[in-house]
Amino acid sequence: AQKVTQAQTEISVVEKEDVTLDCVYETRDTTYYLFWYKQPPSGELVFLIRRNSFDEQNEISGRYSWNFQKSTSSFNFTITASQVVDSAVYFCALSEADRGSTLGRLYFGRGTQLTVWP
Amino acid sequence: DGGITQSPKYLFRKEGQNVTLSCEQNLNHDAMYWYRQDPGQGLRLIYYSQIVNDFQKGDIAEGYSVSREKKESFPLTVTSAQKNPTAFYLCASSMGLAGDPSYEQYFGPGTRLTVT
């Protein structure tokens, strides 16, 4: 079963629109970490954010914001006033930390291809 | 500059040949990982190593082999037993000790392997 689900395969928006990328995860661990990565056309994944399971505060970094809700097992990512340079594939990932879990490995969603048109 | 180097960026091989993909890091990270990426599939874990001279199979290890003789290096060999080797291969490392899951992974630029 997929531990991380990104239901949106592709999203297209026009510049300056806001866009939200959805991420739903599944785990039985009480301690876990959630990540978002960006993969531009060059191919290298770039780390964006990490969240632990005990911190449900939303986070904002410039035009990026993240909404973590344990009640719905979701960790959604919003880009405000999107720009052409935001065009990339975005991955959500999960790592589990309880005893017995395979420590250190990341479980990735299948990614969402975001295209921002000028 | 600290980072992860993967070479070459593009690699072409004939079917039936083994090929080794290079991954080097100068971040002093203990843990290293190999992923395979196919269109629409996301990243799938091939092998990972939490410390020198130790490594574990990931979800799709069949047809692949690795070694971890040095902290900085984690080469991946794609053997002729791998049925569909054409893919984009990404190497990553993490500073987490003993696989500490709280640390993010840093990725190399990837190697695109084409086998015909």
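Placed above this text is the structure.
Each value, and the rule that gives it
Residues numbered from 1 in each chain as written. Chains lettered and ligands numbered in written order. Predicted model: local features only at pLDDT ≥ 70, side-chain atom pairs only at ≥ 80, totals over all residues. Heavy atoms only, no water. Disulfide = S-S within 2.5 Å. Helix = DSSP H or I, 4+ residues; strand = E, 2+ residues; numbered from the N terminus. Buried < 20%, exposed > 50% of the residue type's maximum accessible area, 1.4 Å probe, protein only. Phe/Tyr/Trp six-rings, centres within 6.5 Å; stacked < 30°, edge-to-face > 60°. Lys NZ or Arg CZ within 6 Å of the ring centre and 35° of its normal.

Draft legend 1. Representation of the state of the cysteines within the structure. Under the counting rule described, the total for this entry stands at 2 disulfides over all chains. The partner cysteine of Cys23 of chain A in its disulfide is Cys92 of chain A, sulfur to sulfur 1.9 Å. Note on the Cys23 of chain A and Cys92 of chain A pair: the S-S dihedral is about -65 degrees, so by sign convention the disulfide is left-handed. Pair noted here: Cys23 of chain A is in the loop between strand 3 (19-21) and strand 4 (24-25) and Cys92 of chain A is in strand 10 (residues 88-96), with a separation of 69 residues, a long-range link. For Cys23 of chain A, a relative accessible area of 0% puts it in the buried group. With a relative accessible area of 0%, Cys92 of chain A lands in the buried category. Disulfide pairing places Cys23 of chain B opposite Cys91 of chain B at an S-S distance of 1.8 Å. Measuring handedness by torsion sign, the sulfur bridge of Cys23 of chain B and Cys91 of chain B sits at about -70 degrees and is left-handed. Of this pair, Cys23 of chain B sits in strand 3 (residues 19-25) while Cys91 of chain B is found in strand 9 (residues 87-94), placing the two residues 68 residues apart along the sequence. Cys91 of chain B carries the same exposure label as Cys23 of chain B, and that label is buried.

Draft legend 2. Inspection of the packing of aromatic side chains at higher detail. In the structure shown here, the tally under the stated rule is 21 aromatic pairs over all chains. A centroid spacing of 5.9 Å and a plane angle of 80 degrees characterise the contact between Phe68 of chain A and Phe75 of chain A, whose relative ring orientation is edge-to-face. Using a relative accessible area of 0% as the deciding quantity, one classes Phe75 of chain A as buried. An aromatic cluster of at least three residues, connected via ring pairs, comprises Phe35, Tyr37, Phe47, Phe91 and Phe108 of chain A together with Tyr33, Tyr35, Tyr48 and Phe107 of chain B. Above the face of the Phe74 of chain B ring, Arg68 of chain B is positioned so that its terminal group lies 6.0 Å from the ring centre. Directly above the aromatic system of Phe88 of chain B lies the positively charged group of Arg112 of chain B, at a separation of 4.4 Å from the ring centroid.

Geometric descriptors of this kind do not, in isolation, establish any biological role.
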